[in-house]
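Working through the structure, step by step
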Amino acid sequence: MFNSSDIKETFDSNVSDIIGEIQKYKLLIETEYYKLMQQSKQTKYDFNIDINAENNSHAMILRMVEKNKKVLELGCATGYMTNILTNLLGCEVSCVEYDVVAAEKARRYSNNVIVGDLNNFDFSQHFQKGEFDVIIFADVLEHLYDPLDVLKRVKPYLSANGEILVSIPNIAHCSVIAELLQGRFPYKELGLLDNTHIRFFTRSGVVKLFQEAGLMIKEMNRTVCPPEQTEFRTNLNVFPQQVADYLRSLPDADTYQFIVRAGLSKDEFTGGLLK
């Protein structure tokens, strides 16, 4: 027969085991719930792209990529460009993305999505020098602390005849100048003054960036947007006519983004080897 102390000990042991199991399943449920919540979390950098669009920087970049190329997409977000590169153009795409949630979504389109911060990313740990035909920075350089440093560090991973494709916003758009003239520099969720932009570029700044990186600009295009259609809904008529006319006359008054196609400078190679 069991005495009362034996019964109590057995009871306490069973209760302890049951509580342990409950806590284990509670943790499992919480973990799975967290995963589902993270997967459903929205990122602001998630777009649908019509590759034939004439005034869209992403579409313009995609049309520069030939079929069946080996591509490194830096800052792929949710993979909205990766999808087209992989499934329409037949490219083999490797990606680096800072946002964990976005990276998980991008894995639908690439088997090689690496979560990493480009500001201090070690390319040598993941890629071979000269490995890529195309390296893409689509609206990415302006988010980096030192875009020149990143361009220099990634350059050795471009093949001899490879190209770097970049889109970058124009801070000299007349709508931004108009805001400054009124004492404003209004950050937004998206656009020219995206609230996560760290660096800002004009046309000459873009040219200087590539020159200092030892890259040769082969082609420089742009997207355009009238001031009244930007996120600022700028009305230049609030200014004196002479001022409004001057703003409209600026060379890149309506340039919204620059799209750059660049390659390695001729002096970067000696006997076919990168210096």
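Throughout what follows, the structure given in this document is the object of discussion. (Residues numbered from 1 in each chain as written. Predicted model: local features only at pLDDT ≥ 70, side-chain atom pairs only at ≥ 80, totals over all residues. Heavy atoms only, no water.)

**What about the overall build of the protein chain?**
Counting its regular elements, the protein chain contains 8 helices and 9 strands. Relative to its 275 residues, the protein chain shows a buried fraction of 43%. (Helix = DSSP H or I, 4+ residues; strand = E, 2+ residues; numbered from the N terminus. Buried < 20%, exposed > 50% of the residue type's maximum accessible area, 1.4 Å probe, protein only.)

**As for the packing of helix 2 (residues 57-64) against helix 3 (residues 80-87)**
In helix packing, the relevant descriptors are the interaxial angle and the interaxial distance, both defined with respect to the helix axes. Between helix 2 and helix 3, whose axes approach to 11 Å, the crossing angle comes to 25°. Between helix 2 and helix 3, the angle falls in the class roughly parallel. Remark: the crossing between helix 2 and helix 3 carries right-handed chirality. Residues His58, Ile61 and Leu62 of helix 2 form the contact with helix 3, whose own contacting residues are Tyr80, Met81, Ile84 and Leu85. Counted by class, the contact of helix 2 with helix 3 contains 6 nonpolar, 1 polar and no charged residues. (Axes fitted to C-alpha atoms, helices over the stretch in contact; angles between N-to-C directions. Parallel < 35°, antiparallel > 145°, perpendicular 65-115°, else oblique. Left-handed = near helix turned anticlockwise from the far one by under 90°. Contact = heavy atoms within 4.5 Å. Nonpolar A, V, L, I, M, F, W, Y, C, P; charged D, E, K, R; others polar.)

**Observations concerning the packing of aromatic side chains**
Here a ring pair, both rings aromatic, is described through the centre-centre distance and the interplanar angle of the planes. Enumeration over the complete set of coordinates arrives at 6 aromatic pairs. Between Phe121 and Phe127, the aromatic rings sit 6.5 Å apart at their centres with planes inclined by 40°, giving tilted as the arrangement. You can call Phe127 buried: its relative accessible area is 3%. With a centroid separation of 5.2 Å and 80° between ring planes, the pair formed by Phe127 and Phe132 is classed as edge-to-face. Residue class for Phe132 comes out buried when judged on its relative accessible area of 0%. Taken together, the ring pairs in this structure connect Phe121, Phe123, Phe127, Phe132 and Tyr157 into an aromatic cluster. (Phe/Tyr/Trp six-rings, centres within 6.5 Å; stacked < 30°, edge-to-face > 60°.)

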